[in-house]
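Below are the chains, spelled out letter by letter.
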Amino acid sequence: LPLEQIAALPLPEARQALLTRIDSEVRAYRAALEAETRETCGELSAADALLLDAICDAERIRREAVAQIAEKGLRERYSNGRQSLERENKAVGQAHKAAQTLGKLMAALKARQRKGQAGAQLPEGAVADELDDY
């Protein structure tokens with residue numbers, strides 16, 4: 001469901017619809033990452049699977065925070081009982097931290113993919129580096 005339709009639902013149903021949508025998007029994201037990893041490395045190792053799990057968890061947190069920002073905005077109003085104040089939406093910081101973590105995890109996954117190709121054979125007809133003769 002689009003965010004506009006989710007916002008119109010009662011709170012528990014809206015939250016459940018949002019989580020269902022995010023979960024399906026993250027599953028599709030994982031399938032794409034898995035396919036890319038299998039294409040570059042040939043097979044999915046246990047370490048790669050753990051990295052993919054962590055990437056999906058961080059992506060799920062990031063998407064939930066972004067949805068909350070879309071709903072409430074960058075600043076939110078709150079009341080402490082006597083007065084009504086405005087503060088920064090805490091989801092902004094959460095989305096930023098999740099994006100940073102996601103970048104680090106993706107870099108680790110890409111580094112593991114490159115390691116898998118380090119010992120690859122030279123293609124047919126390619127000449128070895130001249131330093132290999134020493």
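So, a few notes on the structure that sits alongside this text. On a predicted model such as this, the values are computed, not experimentally measured, just so you know. (Residues numbered from 1 in each chain as written. Predicted model: local features only at pLDDT ≥ 70, side-chain atom pairs only at ≥ 80, totals over all residues. Heavy atoms only, no water.)

With respect to the environment of Leu 33
Among the secondary structure elements, Leu 33 is positioned in helix α2 (residues 11–41). Residue classification places Leu 33 among the buried positions, given a relative accessible area of 5%. On a C-alpha basis, the gap between Leu 33 and Met 106 in space is 9.7 Å, while along the polypeptide they are 73 residues apart. (Helix = DSSP H or I, 4+ residues; strand = E, 2+ residues; numbered from the N terminus. Buried < 20%, exposed > 50% of the residue type's maximum accessible area, 1.4 Å probe, protein only.)

Looking at helix α3 (residues 46–72)
In an α-helix, one turn spans 3.6 residues; hence positions three or four apart end up facing the same way. With 27 residues, α3 should reach 39 Å at 1.5 Å per residue; the first-to-last C-alpha distance of 39 Å fits that figure. Three or more residues of α3 are buried, namely Asp 48, Leu 51, Leu 52, Ile 55, Cys 56, Ala 58, Glu 59, Ala 65, Ala 67 and Ile 69. (Expected span 1.5 Å × (residues − 1).)

Regarding the side chain of Glu 59
When you line up the elements, Glu 59 lands in helix α3. At 2.7 Å, the side chain of Glu 59 forms a polar contact with the side chain of Arg 63. In this structure Glu 59 touches Val 26, Tyr 29 and Leu 102, once residues within four positions along its chain are discounted. (Polar contact = N/O pair within 3.5 Å; in protein donor to acceptor, adjacent residues only side chain to side chain. Contact = heavy atoms within 4.5 Å.)

What to know about the side chain of Glu 76
Counting through the fold element by element, Glu 76 comes out in strand β1 (residues 75–79). You can call Glu 76 buried: its relative accessible area is 11%. Look past the residues within four positions of Glu 76 in its chain and what remains in contact with it is Leu 85, Glu 86, Arg 87, Glu 88, Asn 89 and Lys 90.

Here we look at the pattern of salt bridges
Evaluation of the coordinates by the stated rule reveals 15 salt bridges. The residue Arg 30 makes a salt bridge to Glu 34 at a minimum N-O spacing of 3.0 Å. One end of the pair, Arg 30, and the other, Glu 34, are both in helix α2, four residues apart, so they sit about a helical turn from each other. Of the charged contacts in the structure, one is a salt bridge between Glu 86 and Arg 75, with a shortest N-O distance of 3.1 Å. Of the two residues, Glu 86 sits in strand β2 (residues 84–88) while Arg 75 sits in strand β1, which places them eleven residues apart along the sequence. Its relative accessible area of 43% is what places Glu 86 among the partly exposed residues. One salt-bridge network, in which partners are shared between bridges, spans Arg 21, Glu 25, Glu 59, Arg 62 and Arg 63. (Salt bridge = Lys/Arg side-chain N within 4 Å of Asp/Glu carboxyl O.)

Points about the pairing of β1
Relative to β2, β1 runs antiparallel, the two being bridged by five bridges. Counted as the bridge partner of Arg 77 is Glu 86 from β2. In this antiparallel pair of consecutive strands, β1 and β2, the connection spans four residues, and Gly 81 shows a positive phi of 110°. (Pairing = 2+ DSSP bridges.)

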